[in-house]
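# Architecture at a glance
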Amino acid sequence: VSTSMPSGGRRRPKQEQPEKSNGMEVETASAPAADDAAGAKEPVNPETATAKDYYFDSYAHFGIHEEMLKDEQRTKGYRDAIVNNPHVFRGKIVLDVGCGTGILSMFAAKAGAKHVYGIECSGIIHTAKQIIEDNKLDHVISLIHGKVEDVDLPVPKVDIIISEWMGYALLYESMLDTVIAARDRWLAPDGIILPDRATLFMVGIEDAQYKDEKIHFWDDVYGFDMSCIKKIAISEPLVDTVNPEQICTRPCQLLSLDIHTCKTDDLAFTVPWRLQALRNDYLTSLVLYFDVGFTKIHKPLWISTGPRAPYTHWRQTVFYLHEQLTLAKDEAVEGRLVCKPNPNNHRDLDFEISYDFNGQADGPQKGTHSYRMR
């Protein structure tokens, strides 16, 4: 794992600002987010916002969007899937779920969409409205401020839903359930969603040196015992860039989702996994990454976030095992992974990873570890 984190840091949970909108203009919410009892009472306007405002609405700040826009694999992938397929978008009504700065909406307008509706619940929508006006696309794109579950569209159905809903380890932030809600409310029977496929993978790595720096560091900090922090640190997955040379097993597919048919219940799952060693090595960590596919276009396109793929801002998600496993080439570690939204904050993810291994070097070993992604 790289010891230097790319700029931008983690994406933080999007703010939920309940409001009702029947029109096409940007409207402001009158109630604070449900999760923020002491939160800001008005949505953040980037032109007047303070640090206190951004604490409650992190997606209102341009910086987090800058990181995503500069992610070429992400943004160019969406651009190519949309702009290079004008025959798919020409004359169609498009819905952009979580439109952010409006980049996907503008791609859709450029591809010939009849009209694009963008829904966004954070304060960045004020900036997005200005961007769309500055690019003279306000006659094609209408923005609605609020939650998908609370707002109304001025049309009964849409032909296409576009959304960049993926989070770390695919499901962090739980935004896919919002896309599902939009699909069930508004997508026409013969409509399409882009992207329409998502696949989650696991692979094993040897990462002892970095684990020592990140986890065992707390055992002795300038002569003081801070191991109580170590217990917290090892329970939180690390989002970082994995060096492909550290991969020591074959990958294993954990989950495959068809966005046209999946249900909210599918986002909490229990799956078996099996990793086969590529060489004699030590398994210290399990890594999750994902691919998303645009398969309903003329030439299917995939965006991968794997360690061997070009860099994306999603990077990979690393789960440190409490004890390393000594693997001989072709030996297999088997286990179970449980993933579900945290009951107190549905945008956080709770994981339980168990394994059962009987290796040549150390004999039978079993373990079950719990993690929380927040």
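The present account deals with the structure reproduced in this document.

Calculation notes
Residues numbered from 1 in each chain as written. Predicted model: local features only at pLDDT ≥ 70, side-chain atom pairs only at ≥ 80, totals over all residues. Heavy atoms only, no water. Core = buried A, V, L, I, M, F, W, Y, C linked by side-chain atoms within 4.5 Å. Buried < 20%, exposed > 50% of the residue type's maximum accessible area, 1.4 Å probe, protein only. Contact = heavy atoms within 4.5 Å. Pairing = 2+ DSSP bridges. Helix = DSSP H or I, 4+ residues; strand = E, 2+ residues; numbered from the N terminus. Axes fitted to C-alpha atoms, helices over the stretch in contact; angles between N-to-C directions.

### Examining the nonpolar core
Ranked by size, the top nonpolar core spans 96 residues in total, and within it Trp273 and Leu337 carry the most contacts. If near-sequence neighbours (up to four positions away) are discounted, Leu337 is found in contact with Met202, Leu254, Phe269, Thr270, Val271, Trp273, Leu288, Phe351, Glu352 and Ile353. Counting residues in hydrophobic clusters, the runner-up holds 13 residues, among them Tyr210, Leu238, Val318 and Tyr320.

### Overview of the sheet that holds strand E2 (residues 115–120)
Read from one edge to the other, the open sheet built from 5 strands follows the order E3-E2-E1-E4-E5, with strand pairing classed as parallel. Each edge of the open sheet is held by one strand with a lone partner, namely strand E3 (141–145) and strand E5 (187–194). Taken over all neighbouring pairs, the strand axes of this sheet differ in orientation by 20° on average, direction set aside. The sheet contact formed by strand E4 (residues 158–163) and E5 spans 4 bridges and is parallel. When the bridges of E5 are listed, Ile162 appears paired with Leu194. Sitting on the sheet, helix H6 (residues 124–134) is in contact with E2 and E3, with an inclination near 170° to E3.

### Here we look at the environment of Met106
Tracing the backbone shows Met106 in helix H5 (residues 103–110). Separated by 29 residues in the primary sequence, Met106 and Asn135 have C-alpha atoms spaced 8.8 Å apart. With residues up to four places along the chain from it excluded, the contact list for Met106 reads Thr101, Ile131, Ile132, Asn135, Leu137 and Ile141.

Treat this as a map of the structure, not an account of what it does.
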